[in-house]
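Structural features, examined
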Amino acid sequence: MSSAERQARSRLTQLLSRRGFLRGSLLVRRMKCGKANCRCARGEGHESLFLVISENGRTRQLYVPKDWVSRVRLWVEDYHRARKLMEEISRIYWDKVRQRQD
Ligand SMILES: [Zn+2]
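Residues numbered from 1 in each chain as written. Predicted model: local features only at pLDDT ≥ 70, side-chain atom pairs only at ≥ 80, totals over all residues. Heavy atoms only, no water.

Some remarks on the sheet that holds strand 3 (residues 58–64)
One open sheet accounts for 3 strands, arranged 1-2-3; its pairing is antiparallel. Both edges of this open sheet fall to strand 1 (25–31) and strand 3, since each of them pairs with a single strand only. Between one strand axis and the next, the sheet turns by 35° as a mean value, whatever way the strands run. Where strand 2 (residues 46–55) meets strand 3, 7 bridges bridge the pair, whose relative direction is antiparallel. Looking at strand 3, one finds that Ile 53 is bridged to Arg 60. Strands strand 1, strand 2 and strand 3 of the sheet are contacted by helix 2 (residues 69–99), whose axis makes an angle of about 35° with strand 2. (Pairing = 2+ DSSP bridges. Helix = DSSP H or I, 4+ residues; strand = E, 2+ residues; numbered from the N terminus. Axes fitted to C-alpha atoms, helices over the stretch in contact; angles between N-to-C directions. Contact = heavy atoms within 4.5 Å.)

As structure tokens, then:
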């Protein structure tokens, strides 16, 4: 195993054992709460965070409650980091096939 592969694998293992991960992207939307006397009635609306994923060609959205936002952000970031590392390792194996090298 090359040192590049060993490094990527160990970072991936560390990442996966640390906490959860979640595929999706975060979308901020501004929404009016509907209360006539709220400041948002005349302004831009309250910021709400949604988790968006596409699954079998369909897009799903999930509201993320305020007290979940920081957790969900970390899970989404870790999913992307893990994917990047998988991609790095995959490229190494692509080259192995291309160069017929085991
Ligand atoms: Zn409001």
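And the narrative resumes.
Overview of the packing of helix 1 (residues 3–18) against helix 2
Closest axis-to-axis distance for the helix 1/helix 2 pair is 10 Å, and the angle between their directions is 155°. Regarding the angle of helix 1 to helix 2, the classification is roughly antiparallel. Read as a crossing pair, helix 1 and helix 2 show a hand that is left-handed. Contact residues: Ala 4, Glu 5, Ala 8, Arg 9, Arg 11, Leu 12, Leu 15, Leu 16 and Arg 18 in helix 1; Asp 78, Arg 81, Ala 82, Leu 85, Met 86, Glu 88, Ile 89, Ile 92, Tyr 93 and Lys 96 in helix 2. Looking at side-chain class alone, the contact of helix 1 with helix 2 contains 11 nonpolar, no polar and 8 charged residues. (Parallel < 35°, antiparallel > 145°, perpendicular 65-115°, else oblique. Left-handed = near helix turned anticlockwise from the far one by under 90°. Nonpolar A, V, L, I, M, F, W, Y, C, P; charged D, E, K, R; others polar.)

Some remarks on helix 1
Since there are 3.6 residues in each turn of an α-helix, residues three or four apart along the chain are aligned in direction. Taking 1.5 Å of rise per residue, the 16 residues of helix 1 would be expected to cover 22 Å, and the 23 Å separating its terminal C-alpha atoms lies within 8% of that figure. Those residues of helix 1 that sit buried are Glu 5, Ala 8, Leu 12 and Leu 15. Down the axis of helix 1, the buried side of the element spans an arc of 100°, and every buried residue falls inside it. Exposed residues on helix 1 whose side chains face more than 90 degrees from its buried face are Ser 3, Gln 7, Thr 13, Gln 14 and Ser 17. (Expected span 1.5 Å × (residues − 1). Buried < 20%, exposed > 50% of the residue type's maximum accessible area, 1.4 Å probe, protein only. Arc of directions from axis to C-beta.)

Structural notes on the side chain of Lys 96
If you trace the backbone, Lys 96 turns up in helix 2. Among buried charged residues, Lys 96 stands out as having no salt bridge; its nearest opposite-charge side chain is Glu 5, 4.3 Å away. When sequence neighbours within four positions are dropped, the list of residues in contact with Lys 96 reads Glu 5, Gln 101 and Asp 102. (Lys, Arg positive; Asp, Glu negative; His and termini not counted. Salt bridge = Lys/Arg side-chain N within 4 Å of Asp/Glu carboxyl O.)

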